[in-house]
Amino acid sequence: MFKISVRKHFSNFYYFYDYLGIKVFIGILLSILVGLFDGLGLALFIPLIQLSTGNHSEDIENLDRYSQWFIRHLNFELSLLNIFLLILILFSLKGLFKFADLYFRVWSQQLFMRKIRNRNIDLLRDYNFQRFTNFDTGRIQNVMGAETNRVSQAYGKYFKTLHYAVLVFVYVTLAMLSSVWFSLIVIFGGIILNFLFSSFYKRTKYFSQNFSKESNSFQGLLMQKINNFQYLKATGSAHKFSFKLKQKVKRVENIQLKLGVYEAILGAVREPLTILVVFGSIFVFLAIFAETLSSIILSLLLLYRSVGFFAGMQEHWNAFLGTSGSLENVQSFSDELMKHPEKSGENKFENFERSLKLSNVSFSYNSSEVLKDISLELFRNETLAIVGESGSGKTTLMNILAGILEVDRGSYFVDDHQFSDLEINSFRGKTGYIVQDPVVFNDTLFNNISFWDEKNPGNLSKMFEASKKAALSPFIESLELKEDTILGFNGVNISGGQKQRLSIARELYKDAEILFMDEATSNLDSETEYEVQSNIANLKGKFTILIIAHRLSTVKNADRIVLLKKGRIEKIGSYDELLETSREFRRMVELQEL
Ligand code: ADP
């Protein structure tokens with residue numbers, strides 16, 4: 001139990017150390033210096049009081065051991081002014097180190113938060129896509145936002161606790177030098193007190209973990225509400241969902257309240273209890289040892305001050321535990337991302353020359369196999385359509401070719417390279433991905449296409465060139481603010497066909513040579529359907545295109561069609577060939593012609 005707890009506390013320290021390295025020790029060193037100068041300054045109050053009440057230096061025999069030692073080693077005349085000056089110097093030095101300590105703590109806290117955010121942003125960027133699809137998106141949002149803030153608070157609390165612990169240590173050491181037995185009795189009392197508080201700590205930690213869990217789930221619900229707003233409104237389910245959300249809010253609030261109550265109780269009872277310990281110790285000490293109060297006066301002074309720091313230490317420790325749930329949450333989030341990064345090879349992908357080739361490829365989600373023994377070659381500048389009923393594995397097949405999913409069995413070659421040998425980002429630089437509901441960012445049309453490149457004449461003409469190829473130019477021309485028009489949720493209305501053109505323009509801007517497209521399944525009006533069809537016809541022969549097709553018009557335009565059935569390739573051929581040889585395909589075509 002003790003061992004586990006020590007390891008746990010060290011694991012927190014290690015977590016901070018991992019981000020900040022040697023810097024964590026600088027804070028501790030500064031705390032020691034603050035405590036040392038404060039303690040030395042304080043010790044000089046005793047001779048100061050004695051001198052001011054008429055006692056002289058020869059009376060130092062009456063002082064406790066530590067004061068005697070200190071005064072003897074000072075080697076200077078014990079006058080009121082000298083002592084006063086020395087106290088002033090010591091406390092000024094303490095002030096200097098205190099400033100450095102506080103400044104350092106704020107600075108390192110900010111640095112720590114930035115490092116966590118940056119690391120998680122990078123880890124998420126490189127995270128395996130398949131794992132991502134099973135991830136709770138509410139948790140991602142919560143961890144990257146509110147939880148990181150709480151971890152930064154936890155960092156502040158942890159090092160404040162450590163700061164106070166160092167002060168307690170320095171003061172207790174000084175007090176021990178002054179009077180060993182009295183100090184030991186007080187320490188013993190302190191240990192008992194801490195033991196009494198331990199159940200408080202446990203509960204606080206428990207509530208803190210619950211807090212993180214509930215806020216993850218609140219964020220998850222909130223995101224679902226936003227994403228499915230239209231559906232919830234149209235079906236009148238918005239009320240029910242809002243009720244669920246409010247229940248979550250209430251639960252989070254309840255936990256916060258409990259954490260607050262615990263903190264308040266602890267804050268309130270700590271001082272009277274510690275006074276009890278100190279005075280109880282004096283009583284015990286005087287009863288056991290036949291000594292006078294004056295021999296322990298410095299020790300008492302130092303211990304009393306250390307009791308204050310001890311209380312501060314406990315308070316911050318409890319506050320740290322109150323945020324430690326977030327620490328665990330963020331830690332396990334980063335661990336998960338770190339454990340499953342996307343794999344990438346070393347070879348840079350320069351130019352696409354011949355083909356993308358799958359050879360006897362199988363793929364499973366969890367343990368259910370959704371692609372079976374797929375062999376397929378997509379040649380340069382070919383337009384290949386994938387058809388098949390819903391769930392037959394079309395999206396999975398496309399995602400494997402796009403390098404988002406890794407093959408389980410079989411091989412994937414890009415020209416003559418094994419896909420796994422390729423540096424993945426150099427491959428992605430050459431591929432475009434145009435999804436069913438094309439992505440529009442809430443920003444200007446230029447930024448939407450250039451992906452926030454600098455707006456200079458070179459990039460501008462590149463944007464116009466890409467827009468021309470994607471047949472987006474007439475749309476841009478029709479806008480009053482042209483490429484500066486804001487799109488997205490606050491921007492102009494943009495039709496499905498235009499969205500797709502925008503998406504294509506974005507991919508062509510970055511010089512994509514291979515386009516992966518997922519045609520919209522929703523019922524498009526005939527004008528949009530015509531637009532989409534002409535978008536693809538426009539690109540045919542100039543780019544390598546893989547398209548998940550739902551419409552006859554698209555399929556007719558393709559060079560070859562792959563018919564997927566339950567994860568297997570049923571047939572490959574041109575439109576006419578498939579009509580002739582596949583009953584399944586004929587049935588699909590007939591259904592669409594109805
Ligand atoms: P299609 O695009 O033809 O509709 P998919 O490739 O999307 O087919 O899906 C093929 C099968 O894999 C389906 O049974 C689907 O339920 C399953 N599937 C798809 N994505 C996942 C996932 N992330 N986790 C588990 N199963 C999945």
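In this report, the structure presented in the accompanying data block is examined. Note that this is a predicted model, so its numbers are computed, not measured. (Residues numbered from 1 in each chain as written. Predicted model: local features only at pLDDT ≥ 70, side-chain atom pairs only at ≥ 80, totals over all residues. Heavy atoms only, no water.)

1. Quick word on helix α15 (residues 457-469)
Inclusion rule: Secondary structure follows DSSP: runs of H or I at least 4 residues long count as helices, runs of E at least 2 residues long count as strands, and numbering of each begins at the N terminus. The span expected for a helix works out to 1.5 Å for each residue beyond the first. Exposure is judged per residue with a 1.4 Å probe applied to protein chains only, and the accessible area is read against the type maximum: over 50% gives exposed, under 20% gives buried, and values in between give partly exposed. Along the arc lie the directions from the helix axis toward the C-beta atoms. Any two residues having at least one pair of non-hydrogen atoms within 4.5 Å are treated as being in contact.
Between its first and last C-alpha atoms α15 spans 18 Å; for 13 residues at 1.5 Å apiece the expected length is 18 Å, and the two agree. Along α15, the positions that sit buried rather than exposed are Asn-459, Met-463, Ala-466 and Ser-467. Angularly, the buried residues of α15 cover 100° about the axis, an arc narrow enough to put them on a single face. Away from the buried face of α15 by more than 90 degrees, exposed residues Pro-457 and Lys-468 are located. Lining the buried residues of α15 we find α14 (445-450), α16 (473-478) and α17 (496-509). Phi turns positive one or two residues past the end of α15, at Ala-471, with a value near 60°.

2. Concerning the packing of aromatic side chains
Between two aromatic rings, the relevant description is the distance of the centres plus the angle of the planes. Heads up, the rule is: By convention, a stacked pair of Phe, Tyr or Trp rings (six-membered ring in the case of Trp) has centres within 6.5 Å and planes under 30 degrees apart, an edge-to-face pair has planes over 60 apart, and any other such pair is tilted. Two conditions define a charge located above a ring, namely a distance within 6 Å from the ring centre to NZ of Lys or CZ of Arg, and an angle within 35 degrees of the ring normal.
Summed over the entire model, instances satisfying the criterion amount to 41 aromatic pairs. Ring centres of Phe-99 and Tyr-103 lie 6.1 Å apart, and the angle between their planes is 20°; this geometry places the pair in the stacked category. With a gap of four residues between them, Phe-99 and Tyr-103 both fall in helix α5 (residues 80-125), about one helical turn apart. The pair formed by Phe-99 and Tyr-103 is uniform in burial state, with each residue classed as exposed. Just above the ring of Tyr-19 sits the side chain of Arg-119; from NZ or CZ to the centre is 4.2 Å. Here the basic side chain of Lys-462 rests over the ring of Tyr-509, its NZ or CZ set 4.5 Å away from the ring centre.

3. Observations regarding the pattern of salt bridges
The following threshold applies: Any carboxyl oxygen of Asp or Glu that lies within 4 Å of a side-chain nitrogen of Lys or Arg is treated as forming a salt bridge with it.
Using the criterion set out here, one finds 25 salt bridges in the structure. We note a salt bridge from Arg-428 to Glu-342, for which the minimum N-O separation is 2.9 Å. With Arg-428 in helix α13 (residues 424-428) and Glu-342 in the loop between α11 (297-339) and β1 (355-365), this residue pair connects regions lying 86 residues apart in the sequence. For Arg-428, a relative accessible area of 21% gives the class partly exposed. A relative accessible area of 19% means that Glu-342 is categorised as buried.

4. Considering α17
With 14 residues, α17 should reach 20 Å at 1.5 Å per residue; the first-to-last C-alpha distance of 20 Å fits that figure. With respect to burial, α17 is a largely interior element, 12 of its 14 residues being buried.

5. Focus: the pairing of strand β9 (residues 560-565)
Stated formally: Between any two strands, at least two bridges found by DSSP are needed for them to pair.
Of the pairings in the sheet, the one linking strand β3 (residues 383-387) to β9 comprises four bridges and is parallel in character. Within the sheet, the bridge partner assigned to Leu-384 lies in β9 and is Arg-560. In the sheet, β9 pairs with strand β10 (residues 568-573) via five bridges, with the strands oriented antiparallel. Bridging across to β10, Val-562 finds its partner in Ile-572. Here β9 folds back onto β10, and the loop between the two strands holds two residues, one of which, Lys-566, carries a positive phi near 45°.

6. Comments concerning the site of the ligand
In plain terms, the rule: Working definition: residue near molecule or strand if any one of its non-hydrogen atoms lies within 4 Å of it. Identification of polar contacts relies on pairs of N or O atoms within 3.5 Å, with a donor-acceptor requirement for protein atoms, meaning one able to donate a hydrogen and the other able to accept it, and with residues adjacent in sequence counted only if both atoms are side-chain atoms. A 1.4 Å probe and the Shrake-Rupley method give the accessible areas. Residues count as covered only by the protein chains that appear here.
Every residue lining the ligand is accounted for by Thr-133, Tyr-365, Val-370, Glu-389, Ser-390, Gly-391, Ser-392, Gly-393, Lys-394, Thr-395 and Thr-396. Contact between the ligand and Thr-133: a nitrogen atom at 3.4 Å from a side-chain N or O atom of the residue. A distance of 2.4 Å separates an oxygen atom of the ligand from a polar side-chain atom of Thr-395. Alone, the ligand offers 560 Å² of accessible surface; in the complex the protein occludes 64% of this. Sort the elements by how many residues they give to the shell around the ligand and helix α12 (residues 394-401) lands first, with three residues.

7. Some remarks on the packing of helix α8 (residues 180-227) against helix α10 (residues 238-288)
Rules: Here the axes come from fitting lines to C-alpha atoms, over the contacting stretch only for helices, and the angles between their N-to-C directions go from 0 to 180 degrees. Comment on the angle field: the value is read as roughly parallel under 35 degrees, roughly antiparallel over 145, roughly perpendicular from 65 to 115, and oblique elsewhere. Side-chain classes are defined by residue name, with Ala, Val, Leu, Ile, Met, Phe, Trp, Tyr, Cys and Pro counting as nonpolar, Asp, Glu, Lys and Arg as charged, and the others, Gly among them, as polar.
In contact at an axis separation of 9 Å, α8 and α10 are set at 175° when each is read in the N-to-C sense. If you check the angle between α8 and α10, you find them roughly antiparallel. Here the residues of the contact of α8 with α10 are counted per class, giving 29 nonpolar, 12 polar and eight charged.

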